[in-house]
Amino acid sequence: MSTLNSATNRAVQEQLNLQVANWTLLYTKLHNFHWYVKGSNFFTLHAKFEELYNEAATYVDDIAERLLAIGGSPVATLKESLQIATLSEAAGQESADQMVAAVVSDFEAIVKQLGEGMKAADEAGDQATSDLLLGIAAALDKHIWMLNAYLGK
C-alpha cells in the first residue's frame, strides 16, 4: 500500500503483529482448555473451545496475510509471539468456569486492542485493515456476551 504514510503504516503493522501474537497464544490456550476441561459441562465447553480455537486459527491467518499485504512481517514463531503478546498462557488446573472467565477476559483485552488497531488504521487511511479488525471485534462482542451468560453474568 504505497499510499499509506510510512509512520502510520508502521503503527498499523505493530497493531497487527500484536494481534497475531495474541491470537497465536490464545490458539494454544484454547487447545489447553479444550483438552483439560472437566465437569458437568464438559461436552458443551469441549465443543465451544474447539470452535473458538478454529476461529483463532482463521484470525491468525487473516491478520498475518493483511500484515504482509501492507508490507509488514508477521511474527511467525512461538518465541516471537510470547515476546509480543499481552495475554497470559493458561496456568493449568483451571476449573471450567475459570477457563470461561479467562477467555472472556482475553476477548475483552483483544477488543480493546482491536479498537486501537482500528484507530491506527483509520489514521493511516487503511480502511481494509480497519474493516478486518471491526469484523473480529463484532464477533468477539457476541462471544463475550454468550460466555458471560454461561457464567450467569
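Residues numbered from 1 in each chain as written. Predicted model: local features only at pLDDT ≥ 70, side-chain atom pairs only at ≥ 80, totals over all residues. Heavy atoms only, no water.

Q: Explain the environment of Gly 152 here, please?
A: Along the polypeptide, Gly 152 turns up in the segment after helix H5 (127-150). Taking the C-alpha atoms as reference points, Gly 152 and Thr 77, 75 residues apart in sequence, are found 37 Å from one another. (Helix = DSSP H or I, 4+ residues; strand = E, 2+ residues; numbered from the N terminus.)

Q: What am I meant to see in unusual backbone geometry here?
A: As a rule of thumb, non-glycine residues mostly have phi less than zero, and peptide bonds are mostly trans rather than cis. Phi angles above zero are rare outside glycine, and Gln 93 is one such case at about 70 degrees. Note that Gln 93 resides in the loop between helix H3 (78-84) and helix H4 (96-123). Exposure remark for Gln 93: the relative accessible area of 82% places this residue in the exposed category. (Buried < 20%, exposed > 50% of the residue type's maximum accessible area, 1.4 Å probe, protein only.)

Q: Mind showing me how you'd approach helix H2 (residues 42-69) here?
A: Because each turn of an α-helix spans 3.6 residues, side chains separated by three or four positions in sequence point in the same direction. Spanning 28 residues, H2 covers 40 Å between terminal C-alpha atoms, matching the ideal 40 Å at 1.5 Å per step. Taken as a whole, H2 has its buried residues at Leu 45, Phe 49, Leu 52, Tyr 53, Glu 55, Ala 56, Tyr 59, Ile 63, Ala 64, Arg 66 and Leu 67. (Expected span 1.5 Å × (residues − 1).)

Q: Explanation requested: the packing of aromatic side chains in the structure shown.
A: What characterises a pair of aromatic rings is the spacing of the ring centres plus the angle enclosed by the ring planes. Under the definition given, this model contains five aromatic pairs. Where Phe 33 meets Phe 49, the ring centres are 5.6 Å apart and the plane angle is 55 degrees; that geometry is what we call tilted. Pair noted here: Phe 33 is in helix H1 (residues 6-36) and Phe 49 is in helix H2, with a separation of 16 residues, a long-range link. Through pairs of rings, three or more aromatic residues link up here, namely Trp 23, Tyr 59 and Phe 107. (Phe/Tyr/Trp six-rings, centres within 6.5 Å; stacked < 30°, edge-to-face > 60°.)

Q: Honestly, the pattern of salt bridges in this entry has me stumped. Any pointers?
A: For side chains of opposite charge, pairing can occur when their charged atoms come near one another. One pass over the structure, following the stated rule, counts three salt bridges. With a closest N to O distance of 2.7 Å, Asp 106 and Lys 29 form a salt bridge. With Asp 106 in helix H4 and Lys 29 in helix H1, this pair connects stretches of sequence that are 77 residues apart. By the burial criterion, Asp 106 is buried, and Lys 29 matches it. Note that Asp 126 and Arg 66 form a salt bridge whose closest N and O atoms lie 2.7 Å from each other. Placement of the pair is Asp 126 in the loop between H4 and H5 and Arg 66 in helix H2, with a sequence separation of 60 residues. (Salt bridge = Lys/Arg side-chain N within 4 Å of Asp/Glu carboxyl O.)

Coordinates in, geometry out; function isn't part of it.
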